[in-house]
Amino acid sequence: MPENFEPKILAFFCNWCTYTAADLAGVSRMKYEPTTRVVRVMCSGRVDPQFVLDAFAHGADGVLIGGCHPGDCHYVEGNYKLLRRFRMLRRLVASLGIEPERLRMEWISASEGERLQKVVNEMTAQIKLLGPLELPERFREWDTELHEETFDKEREVVASGQ
Amino acid sequence: MDDKTIGNGSEEVRIGFFICHCGSNIAGTIDVEAVADYVRTLPNVVVSSDYKYTCSVAGQDMIVEDILKYKLNRVVVAACSPLLHEKTFRAATQRGGINPFFFHMVNIREHGSWVHQDRALATQKAMDMARGAIARVKFHKALEKRREPVRQSVLVVGGGIAGIHAALTMANAGKKVYLVEREPTIGGHMAMFDKTFPTLDCAACILTPKMSEVGSHPNIVLWSYSEVTEIKGYVGNYDVTVKRKPRYIKEDLCVGCLDCIDHCVFKTGNTDDEFNQNLSKRKPVYIPFAQAVPRLVAIDPAACTHLNGGKCEQSCATACDRQAIDFEQKETFEHIGVGAVIVATGFKPFDAHRKPLYGYGRFPDVYTALEVERLVCSSGPTGGDVVLKDGSKPKSVGIIHCVGSRDHQTNRWCSRVCCMYSLKLAHLLKEHTDAEIYNFYIDIRTPGKGYEEFYERLQEEGNHFIRGRVGDITDVPIIPEEEGRMIVRVEDSLAGFVRRIPVDMVVLATGLEPREDASEIRRRFNISCSSEGFFLERHPKLAPVSTTTDGVFLAGCCQGPKDIPDTVAQAGAAAAESLVLLDVGYVEMEPMTAFVTEKYCSGCKTCLPLCPFSAISRDEEKGVAVINPVLCKGCGTCVAACPSGAITQNLFEDRQIFAEIEELLVHA
Amino acid sequence: MGNKPKIAFYWCSSCGGCEESLVDMAEAIVELSTQIEIVLWPVAADFKKKDIEAMADGEIVATMLNGAIRTSEQEEMARLLRRKSQILIAYGSCAYTGGIPGLSNQFPREQLLKYVYHDAPSVVNPEGQDPQTEFHDAGRVATLPIFSEVVRSLDQVVDVDYYIPGCAPNPELVLDAIHALLSGNLPSKGTVLAPDIALCEHCPRLKTKPADIAIDEFKRPHQHLIDPNVCMLVQGFACLGPATRSGCGGACLKANMPCTGCFGPMSNVRDQGAKALCALASIVAGTTNEEIDSALDGIPDPVGTFYRYGLAKSMLRRKVNMEPTLSK
Ligand SMILES: Cc1cc2nc3c(=O)[nH]c(=O)nc-3n(C[C@H](O)[C@H](O)[C@H](O)COP(=O)(O)OP(=O)(O)OC[C@H]3O[C@@H](n4cnc5c(N)ncnc54)[C@H](O)[C@@H]3O)c2cc1C
Ligand code: SF4
Ligand code: SF4
Ligand code: SF4
Ligand code: FES
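Residues numbered from 1 in each chain as written. Chains lettered and ligands numbered in written order. Predicted model: local features only at pLDDT ≥ 70, side-chain atom pairs only at ≥ 80, totals over all residues. Heavy atoms only, no water.

As a further point, take the site of ligand 2. Close to ligand 2 lie Cys601, Ser602, Gly603, Cys604, Lys605, Thr606, Cys607, Ala625, Cys642, Pro643, Ser644 and Ile647 of chain B, which account for all nearby residues. In the shell around ligand 2, the residues fall into seven nonpolar, four polar and one charged. (Near = heavy atom within 4 Å. Nonpolar A, V, L, I, M, F, W, Y, C, P; charged D, E, K, R; others polar.)

Moving on, we get to the site of ligand 1. All names here are of chain B. Contacts to ligand 1 come from 36 residues, most closely from Glu181, His189, Lys424, Lys562 and Ile564. Interatomic distance of 3.2 Å between a backbone N/O atom of Ile161 and an oxygen atom of ligand 1. Contact between ligand 1 and Lys424: an oxygen atom at 2.6 Å from a side-chain N or O atom of the residue. When ligand 1 sits alone it has 990 Å² of accessible area, and the protein chains cover 98% of it. The set of elements that each furnish at least two residues to the shell around ligand 1 consists of helix H6 (161–172), strand E8 (195–196), helix H10 (369–375), helix H11 (418–433) and helix H14 (564–584). Partitioning the shell around ligand 1 into residue classes produces 16 nonpolar, ten polar and ten charged. (Polar contact = N/O pair within 3.5 Å; in protein donor to acceptor, adjacent residues only side chain to side chain. Areas by Shrake-Rupley, 256 points an atom, 1.4 Å probe, with all protein chains shown as cover. Helix = DSSP H or I, 4+ residues; strand = E, 2+ residues; numbered from the N terminus.)

Attention now goes to the packing of helix H1 (residues 32–40) of chain B against helix H5 (residues 119–137) of chain B. All names here are of chain B. Remark: H1 packs on H5, axes separated minimally by 10 Å, with the N-to-C direction vectors making an angle of 35 degrees. The handedness of the crossing between H1 and H5 is right-handed. Of the residues in H5, those in contact with Ala34, Val35, Tyr38 and Val39 of H1 are Thr123, Ala126, Met127, Ala130, Arg131 and Ile134. When its residues are assigned to classes, the contact of H1 with H5 shows eight nonpolar, one polar and one charged. (Axes fitted to C-alpha atoms, helices over the stretch in contact; angles between N-to-C directions. Left-handed = near helix turned anticlockwise from the far one by under 90°. Contact = heavy atoms within 4.5 Å.)

We now examine the domain arrangement of chain B. Here chain B is described as being made up of domain 1 (3–145), domain 2 (146–245 + 331–347 + 519–584), domain 3 (247–328), domain 4 (349–513) and domain 5 (594–649). Summarising the inter-unit geometry, the C-alpha centres of domain 2 of chain B and domain 5 of chain B are found 36 Å apart. (Domains from an automatic or database assignment.)

Here the focus is a negative patch on the surface. Together, Glu452, Glu453, Glu456 and Glu460 of chain B make up a region of like negative charge exposed at the surface. By the secondary structure assignment, Glu453 of chain B is in helix H12 (residues 451–460). (Patch = residues over 30% accessible without salt bridge, like charges linked within 9 Å, V, L, I, M, F, W, Y side chains within 5 Å. Salt bridge = Lys/Arg side-chain N within 4 Å of Asp/Glu carboxyl O. Lys, Arg positive; Asp, Glu negative; His and termini not counted. Charge placed at Lys NZ, Arg CZ, Asp CG, Glu CD.)

Inspection of the entire model under this criterion finds 14 aromatic pairs over all chains. On the basis of an interplanar angle of 90 degrees and a centroid distance of 5.5 Å, the ring pair of Phe197 of chain B and Tyr451 of chain B is categorised as edge-to-face. Highlighted residues: Phe197 of chain B in the loop between E8 and strand E9 (201–202) and Tyr451 of chain B in helix H12, separated in sequence by 254 residues. We classify Phe197 of chain B as buried; its relative accessible area is 12%. The buried category is assigned to Tyr451 of chain B, whose relative accessible area is 5%. Summarising the aromatic geometry, the rings of Phe9 of chain C and Trp41 of chain C are spaced 5.1 Å apart at their centres and angled 50 degrees between planes, so their arrangement reads as tilted. Residue Phe9 of chain C is found in strand E1 (residues 6–11), and its partner Trp41 of chain C is found in the loop between strand E2 (37–40) and helix H3 (49–54); the two are separated by 32 residues along the sequence. The two residues Phe9 of chain C and Trp41 of chain C agree in class, both being buried. By the ring-pair criterion, three or more aromatic residues cluster together here, those being Phe12 and Phe51 of chain A together with Phe658 of chain B. The ring of Phe139 of chain A carries the charged tip of Arg317 of chain C above its face, separated from the ring centre by 5.3 Å. (Phe/Tyr/Trp six-rings, centres within 6.5 Å; stacked < 30°, edge-to-face > 60°. Buried < 20%, exposed > 50% of the residue type's maximum accessible area, 1.4 Å probe, protein only. Lys NZ or Arg CZ within 6 Å of the ring centre and 35° of its normal.)

On to the state of the cysteines. Summed over all chains, the structure comprises two disulfides over all chains. Linked covalently through their sulfurs, Cys17 of chain A and Cys68 of chain A form a disulfide whose S-S length is 2.3 Å. Sign of the S-S torsion, about 105 degrees for the bond between Cys17 of chain A and Cys68 of chain A, identifies this disulfide as right-handed. Taken together, the positions of Cys17 of chain A in the loop between strand E1 (9–14) and helix H1 (18–27) and Cys68 of chain A in the loop between strand E3 (62–67) and helix H3 (78–95) put the pair 51 residues apart, joining distant regions of the chain. Comparing Cys17 of chain A with Cys68 of chain A shows no difference in burial state: the two are buried. Residue Cys202 of chain B pairs covalently with Cys205 of chain B via a disulfide, S to S 2.2 Å. Its torsion about the S-S bond being 95 degrees, the disulfide of Cys202 of chain B and Cys205 of chain B is classed as right-handed. The exposed category is assigned to Cys205 of chain B, whose relative accessible area is 52%. Here Cys22 of chain B stays unpaired: no disulfide links it, and the sulfur of Cys20 of chain B, its closest cysteine neighbor, is 5.2 Å away. Given the relative accessible area of 10%, Cys22 of chain B is considered buried. Unpaired in terms of disulfides, Cys55 of chain B finds its nearest cysteine sulfur in Cys20 of chain B, a separation of 6.0 Å. According to the relative accessible area criterion, Cys55 of chain B is partly exposed, its value standing at 32%. (Disulfide = S-S within 2.5 Å.)

Here it is in structure tokens:
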């Protein structure tokens, strides 16, 4: 594992709860790890498993989805729909060899700034133990077995141009 | 409509990036110049600059000028939370002549400088976030806000002093008001008090005129003994269902003569009188108190012999010469449409049983403050005589402050009114009994107009003040003077030793709590609670009566403990906010709704069951899904689920989010 | 003869079904053969690689290549044909998205070789030989292509112009594609040559699917009787019809089997498996982990269910850490 590994956690926060909780954590000057990159969505129900996989594929070491507590969704039940997808997605991701700890879903209400702080710190620590996922690097490494230089003149030109 | 063409891919994307120092709030932790320099190198960025206070008029003007000067068609501001200033900067973007939705905001203060310490890492994060926004904003489209008319009526839930004041304010401004109160009468807690601090004016004298005004106001529909069971719709256009519980009285016939009560077969009360804090009994047919509004009796189905299937001659019914009593009454439902909602459901006093060491329920003469409010009231259970359970007058009284408040075992918050009402009760008890009064306090908190003066007056009146949290109340004497009395054991933190004060009566200044059903109510009205359970205002300073649901406002103690002056002020503010909404006459709907692109929709029906607002229907002829933009609230659930990618959510389009994700993850 | 457009067919990691689908064109292919000149078709005719190498770059008008790319030889041929063809068409699910061979991206190469050459019950390999890329015998060298670590779709190796989906593609789509090619009436590069709409659109069972569908149990098709007239999802069978391009004519459903997704995603979808998972899981009943999990237990193999044909081309491409990490 590289030294000073700073995990990259892509986070999807629902506008009404977790995003607001993160704002509250800010207003309350609660310090937490600078590892998250937040995408604001109106409701956790907007989170498409494609987003999660895309994040991993583009270098996220972890993905955190934050929504309202069950029963509290601003849109009544978007979080339940997320939960259903999440339960399945977690299995899928695990089957594809990504440690399930790298994909986390948390219900954090607007008043739970402290909880947000705790979750981010905890997840950061967990991922630090797991080490980087580095899918883009792995993709590149996997593709070193391709034989561009020998077979593909065009590609060779492109490759040497880089 | 010119700006509609911008961003449709036909012209070059020209982005302006503005990063705010926010004084030192951001610049203290994030190297804003470095972020601006970095962003300047990103594709499509035409101008990138930093500014001390971007939200100031000068800051906004800079954005407007740069839009014109550099022919910008996208604007990204990195500053505080979009929940705070997105509107401000959208407006500035619009002033620059481009559609306001070509704007995106990056939250580097709340999510950045305020929560991180390492300057390099915080700066790195800010760069990443900025890059995500730059990538996303390229895909923004011009959007129009839809306007919907606002219904000229308001629903007020809860008829305490907060609800009463809000209802009257709205009604006097000419709006139609529906006031829904759960109990048979309005008045709330205030109606139970004899006097109010600090002026000691009689509660009834100031409250009853307002109550009767509510009862007779032409613009107010008062539904007592009722509850809101369902609310649907959106700001300006809420559809509300109100359940009216049967009171077994025909309201239009009852004139409040109370003959029925006199003629009830029970000659004295047979059930606890809740209004008197169960210190007396009432009959099954009753009116909570003499000045109740509406002045209508109610029959308590739990206490009435007939309604319990027993044999009863129903003398109340025969006594009523207007034949107003109707044992067959069933609950009914009213359906109304309103433009705004004011939630004013008040508080619940802390349950003193939860502090067992204070002996409530164990020693007969330990009272809650609310019970004492009734005892000192001339219309209370004893007619204003403060007597102990054995009929004697107390010679010494201990008032314990902060019961259940400022206490890590129960509630951590200060209930704000207990010090003041304890002083009030100390005064009244002294007046009524001439007893020695001991106040046991942690701190005396008197922040209010005339409050500190009131405290001084109480000291001058010869009340004792002992600083220290009471350990317990015991009846085990160790000296003869304690014999047969309760002993308050307290560590006097000023004197520095433990004291034992024998008293005949203990008053527990119980704190204020959220109502038991607060979380149910919160869900019904789609608002949030803060961690202790009171309803959450949109912003603690700048939007203290708004909630996260547009058109739903808060008034009174349901939002947090407060006294009557603050409650009334807040109710006025909630009424004013509602009036703004109604008087503007229309609401602008956020355009982040979803729509189906027909040619991609296979009609697979995946989306149909997902919409909580039934906004999605199926066009059977075309075999496609259709989203009603008026009903769609823009959660995006169907968008994520559509397996064809046929649904797009404005401002949260797949391509926008993918771009954001992918760029957030490239390390600058 | 010489000015008839030259067309090549080639196969890589595939089962032969795609070749079958070409043969299935029957008379049509005979008729076509008067309009085109087939320059390569290993399954049917004896052309040599060196013939292709001898051609000028771009001399072949179009090559239809089926099968995923798993060996160095396939890669080499793909690159060669790419260079020699004006238009390269990924033909069939394997070339398009990796197909069934792509599922082996869940296992390390060594494990696969070990199983195939040693552990499989039908293996007879008394000397415990492993395949070698080079074998020297009496001064002669025999070679085998390198078996790569990762299975790839064609466009993960070379630039692809069009895609014909299906396992296997059906003859109508292929004919349409060839006619479009001959008439020069081609859509923009990168287009998938099948309708950009999900299978449900034409499914006769769709009308039986209620608007308030909620699945409380997923069932596996081989363990239950399937009603031939009712939507598969209503019966609890994981049908990928909502997340899969049409164009197959609903062949599986006609045979009373749920759609398994071979035609791949619609153009607005980036990862068919994730989308299919999302669509199906969103309509599962239950609000607690337990209720939801019990419904989802009927999908014991999410990769095989949602990425049966698309793993190689999916966002994650392949199992990341080869040590099993499955936990509940
Ligand atoms: C012992 C005591 C003494 C006090 N003395 C003073 C004093 O002297 N001076 C002073 O300024 N303040 C005093 N206060 C504070 C004062 O009681 C509050 O400021 C005031 O009552 C708040 O009014 P409210 O309308 O918000 O709540 P409430 O008085 O609690 O009224 C809420 C109303 O809403 C109704 N309701 C609740 N839920 C529903 C529902 N779901 N649907 C419909 N209706 C519902 C209730 O029945 C009630 O009528 C005292 C408080 C206590 C506990
Ligand atoms: S989920 Fe998508 S494809 Fe299916 S009916 Fe709804 S909009 Fe159409
Ligand atoms: S986004 Fe879709 S599910 Fe959400 S409210 Fe709109 S139509 Fe309904
Ligand atoms: S889900 Fe499958 S069975 Fe149901 S309508 Fe769609 S394609 Fe047909
Ligand atoms: S609004 Fe927060 S999860 Fe739906």
